[in-house]
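# Reading the structure
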Amino acid sequence: DTIKISTTVPETSNWLVAADTFKSIVEDKTEHTVEIYPNGTIVTGNDRVELEMAQAGAVDIIMKTTIWLSQLKPEFLVTAMPWIFPNAEVAMSVMDGPVGQDLSKSLNDVGLEALAWGDGGFFQLYSKGETVTGPEGIDGVKIRVPGNPIFVKSWEAVGAVPTPISFAEIFSALQSGAIDGGVATTPLIYAKRFYEVAPKISMINFSFESVGMIANTGFLAGLSEEDQAIVRAAALEGMKAQRAAAAAEDAGYITQMKEAGADIYVPTEAELNSFKDIAAPIYDNFKAEIGEELVSTVEAAVAAAN
Amino acid sequence: MNGIRTGIAKANCLLDTLEKYIITFFLVGIVLMIFSGVLSRFVFHYAIAFTEELSRFFFIWGALIGAAAGMKTGEHAGIPLIANRFGPRGRKVIECAVTIGVIIFLCYLVSMTWVSTARSFKSGQISTTTEIPIWTINAGMMIAFAIAVLRACQGFFLGSFSPDLDFIIDEEA
Amino acid sequence: MEFLTNPSVVGFLVFIVLLLFNMPIFAALGLGALFVIVFMDAAPLSVVPYILGGSLDSFPLLATPLFIVAGAMITRTGISERIVNLAQIVLGSLPGGLALTTLATGAIISSMSGSNIATVAALSFLIPAMAKVGYPRPFAVAVVAAGCTFGVVIPPSLGMIIYGVITEQSIPKLFFAGIGPGLLMLMILGSCTFLISVKNGYRGVPVERTWAKFFEALKDAAWGLMAPVIVLGGIYTGLFTATEAAAVAVVYLFAIDRLVYRKIKMSDYPDMLCASGKTIGVVVMIIACSSVFAWIWQTQGLAAAVTQNLMDWSGGNSHVILLMINVLLIISGAFLEPVAAMYLLVPMVQPSLVAADVDLIHFGALMTVNLSMAHLTPPVGVGLFLAAKVGKVPFETAAKWALPFIACELVVILLVTFIPAIALFFAGYV
Ligand code: NA
Ligand code: NA
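Everything quoted here is computed from the prediction, not taken from an experiment.

To continue, consider the overall build of chain A. A count of helical and extended segments in chain A gives 14 helices and 10 strands. Here the C-alpha radius of gyration of chain A, 19 Å, is about what a compact globule of 306 residues would show, namely 19 Å. C-alpha extents for chain A along the principal axes are approximately 60 × 40 × 30 Å. Looking at chain A residue by residue over its 306 residues, the buried ones come to 58%. Relative to all contacts within chain A whose residues are 6 or more apart in sequence, the contacts with residues 24 or more apart total 77%. Entry remark: accessible area of chain A is about 11,600 Å², with carbon and sulfur atoms responsible for 51%. Both charge centroids of chain A, one from 20 positive and one from 42 negative side chains, sit 4 Å from each other.

And the structure:
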């Protein structure tokens, strides 16, 4: 049979490394063929619809970030909590462990299962003024954050003025001075050329996204046990390759942005901790929604992995 | 018998009025939301984020209700070239077949959107910005298609699917 | 033989047969898709509602209902009469003056309306006027129909919006890519009309051609003429997107009608909007059902097969590919509704265009001109059909008189094909 994988990101994204690896393993070891559809071509280019189609089994596998999955289950917001993960290695080790497995199980009742998790990147800070090294540098600064309440509340706690601008308008808002900066993942800062108007980039690892390879449970149940094992292993292999590709890509973008005149600052551990401390009250606000136990479990897992 | 006829006529009239005001509400809503987005950019130097998402949902609902309303008045035109070469009996047969085809397709859409509504109701999925439950979008589509079935039945008696109609395309368009 | 059993092809044949037997376009598309889903297992049944909803859930596409509403308001506010008065002072006394006036008015109306149907509605009052000065009725009908084909070529344009949504190209760039081809159309259609008029002795109309009269008419039309300035100026300066421009146009037309023209009563609005809503409904059902079809084509590998064949036949030469696609568009445009043609054909030919290194903005302009001509070409030419209905002329007669104009537009298509700069010159400014 054919296995349809959909994603709304373009062919050039490092997510496709996972899909391609998955395809070659599955086609090699089973009788199935794998068709990869990037750019959202078979889900009308719409993330909301893609998530619905996966639940309905209209596509077999999709790739979605934890932020999108939180529209189904709020516990997925745990990866987005401010400064909960110090770096991608720790974040991925937590997602590979019991936390990632529990999150995956929580999707079962809507007909989904996460086969494996990958690195969707950290939100980093870009700004126009002075280089931001700690919370005091961002006091009163207007920054664009995605509309999610966690992001808005976190930056309010840090002392910035979060400004809800639609993504398409960021560049011109930076030019006109309607905002002074914002947070986005490194590939986006590079691809959307935010660094040209807001060249001070602080690698503050504010909030993390993990990208899941999410399968429809009916599709999985229709596979032989042997093929199921192969599919799961292939997804893990694919996501391992994706993590390496993402890390290499980020490093490349940073070099290119530096060459283009951007100022890239990597804060010290103490500076990062001062961010985390000032955002700490946020944790109380969101523990009820996300689940107190889950947040503690993640914190313990992070401490153990560090 | 007469009582039933008047009842149907009244219900029909009510549906006409209802459709008219629902469409007006959604279209005016879209204009106001998008225009206020533009205004807010002049005032605050950025557009309000929620209007973009909500106006998209208004579009889906309003446009599909418009499509349903058009079933009754023969808006959804076909190409009568071949049908017109048949005699009156042949044309009537084609008209009946076309109506049945339209109704089959619309009934299929009703049943499928019923399933998608039920699924999104159960999963509790919400939209990104406005956090509107997704099932309301699917339910809106289902209601529009259900009205469309009703309107297509009415349209059959009014000759909406008749080949003799040629193209009835709204002069306003 | 294998080709003929491909679900994409079977579904398409079912669609064509249903279409020829008077099935509404959306249902013909939908049943064609359903047929191959049920009998050939081309897709899971559950796909359809999601593709239907998802294809409409797009912010750029929201410009569609707004420009349709704006078009209805342009017709009702009587802006076109004022523009006719203005154009007549300049062109009226030439041979065929009223026909030339009609074309110029069509071009100006098109710079505020987004569709050919809206433009033909705004121009159709000129048919009796032309008949009154002694032009043959079928000629008047053909001129109005030709005048409506500026509708989607000159920005704003529903066709460009839909193309931009499908191909993810910049809609402002596409809008501006329509200006060059639009002006070229005006020149060539105008010259042709002039020559026909000289040959057949169609007279001009007696007008007092003075600057005073001109400025008086200009002042009278000024509020209407501001609409394209606001819409295109706003898009050009990046002040707003195409969708926002459409909303601004509606609000602007509402305001000038309330404050100056006073033609539309408040109590008229629900009926007017309901009529627009039905038109919008027709368009969205075609969009939604064509998207289901496109889904099947995509997943059944038809686009890949078409690309392969186009590349083989053309040897990868972009001019040859464009010519072949033009022929395909002319044939589809003869029968299909332009929106459906766009939704069905663009995903099919886009990979070949990318492979042959054709600029997608250039192709967008070319496709829009080609499918705008579809409103003139028999057997199914919606613009010509509506004009013929208003002019009370048989469609076949009108189609014969439209032939010179179709020939003119073919020339425009060839020029735009071989000289990309016609489209890309203005697009370079946004
Ligand atoms: Na136009
Ligand atoms: Na045609």
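Let's pick the thread back up.
This next bit is on the coordination of the sodium ion (ligand 2). All names here are of chain C. Within the protein, the sodium ion (ligand 2) binds to Gly-333 (O), Ala-374 (O), Thr-377 (O), Thr-377 (OG1) and Val-380 (O); these donor distances fall in the range 2.3 to 2.6 Å. Donor residues for the sodium ion (ligand 2) sit on one chain with the sequence pattern G-x40-A-x2-T-x2-V. Of this pair, Gly-333 sits in helix α17 (residues 318–335) while Val-380 sits in the loop between α19 (360–373) and α20 (382–391), and the two are 47 residues apart along the sequence. In terms of burial, Gly-333 and Val-380 fall into one category: buried.

It is worth spelling out the interface of chain B and chain C at this point. Interface size is often expressed as the accessible area that is lost when the parts come together. Each partner contributes residues to the interface: chain B has 63 residues there, and chain C has 64 residues. Taking both partners together, chain B and chain C bury about 5,700 Å²; carbon and sulfur atoms supply 77% of that area. Joining chain B to chain C, the criterion identifies 2 salt bridges. Of the residues assigned to the side of chain B that touches chain C, the class counts are 42 nonpolar, 11 polar and 10 charged.

Looking now at the domain arrangement of chain C. Residue and element names in this part refer to chain C. When cut into domains, chain C gives domain 1 (1–45) and domain 2 (59–427). Each of domain 1 and domain 2 was reduced to a C-alpha centroid, and the two centroids are 30 Å apart. With 20 residues of domain 1 in contact, the opposing surface of domain 2 contributes 16 residues. For the pair domain 1 and domain 2, the summed buried area comes to about 1,400 Å², and 84% of that belongs to carbon and sulfur atoms. The largest share of the area that domain 1 buries against domain 2 comes from Ser-8, Phe-26 and Leu-29, three residues that together contribute 35% of it.

Attention now goes to the pairing of strand β7 (residues 181–185) of chain A. All names here are of chain A. Taken across its 5 residues, β7 has 5 buried, putting it largely inside the fold. Of the two faces of β7, the one carrying Gly-181, Val-183 and Thr-185 and the one carrying Gly-182 and Ala-184 are both buried. Judged from the 5 bridges that link them, strand β4 (residues 112–127) and β7 form a sheet pairing that is antiparallel. Among the inter-strand pairings, Leu-125 is bridged to a residue of β7, identified as Val-183. Judged from the 2 bridges that link them, strand β5 (residues 142–144) and β7 form a sheet pairing that is parallel. Each residue of the ladder has a partner; that of Ile-143, found in β7, is Gly-181.

Attention now goes to unusual backbone geometry. Of the consecutive residues Pro-155 of chain C and Pro-156 of chain C, the connecting peptide bond is found in the cis state with omega at 0°. Here Pro-156 of chain C shows up in the loop between α9 (137–148) and α10 (158–167). Cis rather than trans, the peptide bond between Pro-378 of chain C and Pro-379 of chain C has omega equal to 0°. Its location among the elements puts Pro-379 of chain C in the loop between α19 and α20. The backbone phi angle of Glu-131 of chain B is positive, close to 55°, even though this residue is not glycine.

This brings us to the interface of chain A and chain B. Taken together, the contact pairs 17 residues of chain A with 20 residues of chain B. Both sides of the chain A and chain B interface together cover about 1,500 Å² of buried area, and 49% of this is carbon and sulfur. For chain A, the biggest contributors to the area lost against chain B are Arg-48, Gln-71 and Glu-169 of chain A; these three give 37% of the whole. Scanning the region where chain A abuts chain B turns up 0 salt bridges. Viewed at the interface, chain B and chain A are joined by 6 residue pairs in polar contact (both at pLDDT 80 or more). Ranked by residue count, the leading element in the side of chain A that touches chain B is helix α2 (residues 47–56) of chain A, at 5 residues. Taken together, the residues of the side of chain A that touches chain B sort by class into 9 nonpolar, 4 polar and 4 charged.

Definitions and cut-offs
- Residues numbered from 1 in each chain as written.
- Chains lettered and ligands numbered in written order.
- Predicted model: local features only at pLDDT ≥ 70, side-chain atom pairs only at ≥ 80, totals over all residues.
- Heavy atoms only, no water.
- Helix = DSSP H or I, 4+ residues; strand = E, 2+ residues; numbered from the N terminus.
- Rg over C-alpha atoms; globule rule 2.2 N^0.38 Å.
- Buried < 20%, exposed > 50% of the residue type's maximum accessible area, 1.4 Å probe, protein only.
- Contact = heavy atoms within 4.5 Å.
- Areas by Shrake-Rupley, 256 points an atom, 1.4 Å probe, with all protein chains shown as cover.
- Lys, Arg positive; Asp, Glu negative; His and termini not counted.
- Charge placed at Lys NZ, Arg CZ, Asp CG, Glu CD.
- Donors = N, O, S within 2.8 Å, 3.2 Å for Na, K, Ca; no water.
- Buried area = accessible area lost by both parts, 1.4 Å probe.
- Salt bridge = Lys/Arg side-chain N within 4 Å of Asp/Glu carboxyl O.
- Nonpolar A, V, L, I, M, F, W, Y, C, P; charged D, E, K, R; others polar.
- Domains from an automatic or database assignment.
- Pairing = 2+ DSSP bridges.
- Polar contact = N/O pair within 3.5 Å; in protein donor to acceptor, adjacent residues only side chain to side chain.

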